[in-house]
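Notes for the structure review
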Amino acid sequence: ECQSQGVRSCGECLAAGPHCAWCTEEVRALENTFLGQHIWERCDTAEALLRRGCPSDRLEDPRGSAVLLKNRKITFHPKEQRHRAHHRQVTQLQPQSVLLHLRPGEPQTFELKFKRVEDYPIDLYYLMDLSFSMEDDLPNVKKLGTDLMEEMRNITSDFRMGFGAFVDKTVMPYISTPWPCAPPFTYHHVLSLTANGSLFTELVGGQRISGNLDSPEGGLDALMQATVCEEQIGWRNVTRLLVFSTDAGLHFAGDGKLGGIVLPNDGKCHLHDNVYSRGNSQDYPSVAHIAEKLREKNVQIIFAVTEDVTHLHVLPKCAVGTLSNNSHNILQIIVEAYNALTSEVVMENSKLPPGFHISYVSHCKDHKLRDGEQGRRCSDISIGDEVSFNVSITAPPCATSSHRPSRVIIKPQGYSEEVEVLLSPICGCSCQKDKVPHSPSCSHGNGTLECGACRCKEGRVGTFCECNQVESGEAVDSYLCHRDNASEQCSGHGQCVCGKCVCDKSSKKPNQAYYGQYCECSDFNCDQYQGLQCGGQGRCVCGVCECLPGFSGRACECPLSVESCLSHDGQVCAGRGVCHCGTCICQDPRYQGPTCDLCPSCPSVCTVHRECILCRAFSQSLNPKECETRCAHLNLTVVGQAALLALVPPSAGLHRCMELDTEGCRVHFLLRAGQKEGSVHIHVALERECPSGPNVVLITAVASASVVVLGVAFLLLWKLLTSIHDRREFARFQRELEKRDNPIYRSAITTTVNPKYKEQ
């Protein structure tokens, strides 16, 4: 990082990175210094320069710092202290002023504390819509003064309130004056902030409803004037609340064109005789303009609006309450909104100078660390709670325009207290003021000695300005810097200066350099093994690995020891191969593995000796003559129970075996190779685990019972099906009996009517 940018001075070194330092030790031409041959080798980390021999008092490594210029402590008992003259000012934010000395790229952090103190003063201004639709709300607002004063005494003993009203611009097509309403107005400031609740009730009681034509009101005009007219309203440097009450939407910037008003709102105070005088000449302000002024003046908004327009009233650091039809719940809205606004603190800062970066980490009541945007805020803060923020600021690389200190303001949204942060970038070296022009150390005055290095005059080159660039011809330099008719100067790894090769450092690894008369050597271009140069078992010297004792090969990859080739029995490759470079080469193709002791196709050692054990211990498998011939090498020991074999502790070369005999019984034995070649020691248990025969009686009984049960089940099923069928047939027969309409039935009675009967 420090040397990859080709720095040429102390200032450039410090700008290369926050960890870079410069060594100011003077170079002497006839001494072998720590430096090497390049000026930029003076620039490195402080640890690296000290390791290479730079005296600690010659290091130029300025570090950043944070200095608290004003650090007044947070007020703990303001209610008791406010009566004392020297404790009238209440402090919720600490510190108040900080000076940051910033090294480019190195963040500086300071702690900012905020505490919501008890009995903090409050100013509240009530801004009400007096259009005709708010007629039923005005009586409840008239009673608000005394009730609100009593309620706010539970929160603070220093509470003031004021009142203002608005309708809309007094030009067509915005207004009308229905009888018996008061004439319309844009904004009227009625009462400046006061602690007299009775005066509030009296003046608000004299207000009359006015009217307008369209539904949106001119509330933003009034909101702008109530915010920026600090002197007329009487705002103090305390908590500022503005209650905005309406049942309609708002006119925004651009709506003034309907009345022929095109001049933008200038965001300044224009109250004359407590009436807004520019309402008919300036357009409505925009929402962004209002938000900027609210943030600038530290005013927090409480929107008390009806439910159908709550979505139209959203600004930063505001609360929205749903107003009832006649505003009877206005007191509840104000108290709840105040608690919601003051229970959250959000840090904001002014615009940073170009290239600077700021970050926040919050320490809130839940003791969880949050960063990013969440690091700016803490919620659910009660009176007496203290929270803190770690603020980190990082400066960009130095530029000419950024050498002078700049200023940043940090403050909680909606609060008047702020922290002033002065930013002072570190862009120079203290050694530069001690430079020596025409220094004898620079080839008899051919350069300026600055921070220990020579800055040569025009036409002079070299570490000490010892070479005249005109006199040193290209042909001479070329001849002296080529090795054995090579085409490249200095092997392509350096520059030819005054007929000598000045070797470069590796572009990929700045801490590693080329060396040699022609820069032909390096200690980082040797063969690698397993990703390590010289396998980690040697050192690279001029491109060739010098291996440590016990290793060989081009990359020191071949250990001379056979320890890695020893099998469990201590033999090299289990006697089935040769050890080469620490790896077994198996000569028997059936065997494999690191030590040639694995044979997937070979029978196990237990299976190999099965037949001999069965014939020697149980007279099975082999005939006696064959058993005597093939199994004479076995040293057989017989024990009674298999449990005795389990008591033998495990050891190297011991095999625990279990095999089946000719009768299907399990035979347990232990097998160990003897000291003589081919001999085997075996301990076999006479107790065998034979499977029990089948229980004929039980099997017969179960089979017979199964047949009987199945037969009975089939009979019951047949009976059930037959009964169901009979019932269905009987039911059908009964239904047919009930039907008496026989198609072939003829009645035996014949009725004859005499047509002449009535005539007679």
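None of the values given here were measured: they were computed from a predicted structure.

1. Side note on the sheet that holds strand β41 (residues 666-673)
Pairing is mixed in the open sheet, where four strands are placed in the order β39-β42-β41-β40. In this open sheet, the two strands that pair with only one neighbour each are β39 (634-639) and β40 (654-660). When strand polarity is set aside, the average angle formed by the axes of neighbouring strands in this sheet is 25 degrees. In the sheet, β39 pairs with strand β42 (residues 680-685) via six bridges, with the strands oriented parallel. Paired with Val639 across the bridge in β42 is Ala685.

2. Focus on the nonpolar core
Grouped together as the largest cluster of nonpolar side chains are 36 residues, with contacts concentrated most on Tyr126 and Phe163. Those residues within four positions of Phe163 in sequence are excluded, and the remaining contacts are Tyr125, Tyr126, Met128, Val141, His189, Val190, Leu191, Phe200, Val204 and Gln207. Residues Ala222, Trp235, Ala291 and Leu294 belong to the second largest nonpolar core, which totals 28 residues.

3. Some words on the packing of helix α7 (residues 219-228) against helix α9 (residues 287-297)
When two helices pack together, their arrangement is given by the angle between their axes and by how far apart the axes lie. Running from N to C, α7 and α9 cross one another at 20 degrees; their axes reach a closest spacing of 10 Å. Taken together, the axis directions place α7 and α9 in an arrangement best described as roughly parallel. In this structure, the crossing between α7 and α9 has a hand that is left-handed. In this structure, α7 contributes Leu220, Leu223, Met224, Thr227 and Val228 to the contact, and α9 contributes His289, Ile290, Lys293, Leu294 and Lys297. Of the residues assigned to the contact of α7 with α9, the class counts are six nonpolar, two polar and two charged.

4. Things to note about the sheet that holds strand β19 (residues 377-378)
Within the open sheet, the six strands sit side by side as β4-β6-β22-β21-β16-β19. Their pairing is mixed. A strand with exactly one partner marks an edge of an open sheet, and here the two such strands are β4 (65-70) and β19. In this sheet, strand β22 (residues 419-425) lies alongside strand β6 (residues 97-102) in parallel orientation, the contact comprising six bridges. Counted as the bridge partner of Leu99 is Leu422 from β22.

5. Concerning the pairing of strand β1 (residues 20-23)
Side-chain positions along a regular strand alternate between the two faces of the sheet. Side chains of β1 alternate between two faces, with Cys20 and Trp22 and Ala21 and Cys23 buried alike. For β1 and strand β3 (residues 59-60), the ladder comprises two bridges, and the chain directions are antiparallel. The residue of β3 that forms the bridge with Cys23 is Leu59.

6. Notes on the packing of aromatic side chains
Scanning the entire structure with this criterion turns up six aromatic pairs. Look at Tyr126 and Phe163: their rings are 6.0 Å apart centre to centre, the planes differ by 10 degrees, and that puts the pair in the stacked class. With Tyr126 in strand β8 (residues 122-129) and Phe163 in strand β9 (residues 159-166), this pair connects stretches of sequence that are 37 residues apart. The same class applies to Tyr126 as to Phe163, namely buried. Seen in terms of ring centroids, Phe163 and Phe200 are 5.9 Å apart; in terms of plane orientation they differ by 85 degrees. Their pairing is edge-to-face. Taken together, the residues span a long stretch of sequence, with Phe163 in strand β9 and Phe200 in helix α6 (residues 197-205) at a distance of 37 residues. Given the relative accessible area of 0%, Phe163 is considered buried.

7. Let's talk about the environment of His668
Checked against the element boundaries, His668 lands in strand β41. Taking the C-alpha atoms as reference, His668 lies 6.3 Å from Ala642; in sequence the two are 26 residues apart. Those residues in contact with His668, other than ones at most four positions away along the chain, are Ala642, Leu645, Cys657, Met658, His683, Val684, Ala685 and Glu689. At a separation of 3.3 Å, a polar atom in the side chain of His668 contacts the side chain of Glu689.

8. Notes on the side chain of Asp221
Mapped onto the elements of the fold, Asp221 is located in helix α7. Accessibility expressed as a relative area gives 0% for Asp221, which makes it buried. Polar contacts involving the side chain of Asp221 include one to the side chain of Lys169, which spans 2.8 Å. The contacts of Asp221, once residues within four sequence positions are left out, are Lys169, Thr186, Asn265, Tyr276, Asp283, Tyr284 and Pro285.

9. Considering the state of the cysteines
Under the defined criterion, the tally for this structure stands at 19 disulfides. Between Cys558 and Cys581 runs a disulfide, and the two sulfur atoms are separated by 1.9 Å. Where Cys558 bonds to Cys581 through sulfur, the torsion about that S-S bond is close to -100 degrees, and the disulfide is left-handed. Remark: Cys581 occurs in the loop between β37 (577-580) and β38 (583-586) and Cys558 occurs in strand β36 (residues 558-559); sequence separation between them is 23 residues.

10. A short note on the pattern of salt bridges
Taken as a whole, this structure holds 26 salt bridges when the rule is applied. With its nearest N and O atoms 3.8 Å apart, the salt bridge here joins Arg376 to Glu373. Note on Arg376: relative accessible area 18%, which makes it buried. The salt bridge partner of Arg539 is Glu546, with a shortest N-O separation of 3.4 Å. What emerges from the salt-bridge pattern is a single network uniting Glu230, Arg240, Lys293, Glu296 and Lys297.

Conventions adopted
- Residues numbered from 1 in each chain as written.
- Predicted model: local features only at pLDDT ≥ 70, side-chain atom pairs only at ≥ 80, totals over all residues.
- Heavy atoms only, no water.
- Pairing = 2+ DSSP bridges.
- Helix = DSSP H or I, 4+ residues; strand = E, 2+ residues; numbered from the N terminus.
- Axes fitted to C-alpha atoms, helices over the stretch in contact; angles between N-to-C directions.
- Core = buried A, V, L, I, M, F, W, Y, C linked by side-chain atoms within 4.5 Å.
- Buried < 20%, exposed > 50% of the residue type's maximum accessible area, 1.4 Å probe, protein only.
- Contact = heavy atoms within 4.5 Å.
- Parallel < 35°, antiparallel > 145°, perpendicular 65-115°, else oblique.
- Left-handed = near helix turned anticlockwise from the far one by under 90°.
- Nonpolar A, V, L, I, M, F, W, Y, C, P; charged D, E, K, R; others polar.
- Phe/Tyr/Trp six-rings, centres within 6.5 Å; stacked < 30°, edge-to-face > 60°.
- Polar contact = N/O pair within 3.5 Å; in protein donor to acceptor, adjacent residues only side chain to side chain.
- Disulfide = S-S within 2.5 Å.
- Salt bridge = Lys/Arg side-chain N within 4 Å of Asp/Glu carboxyl O.

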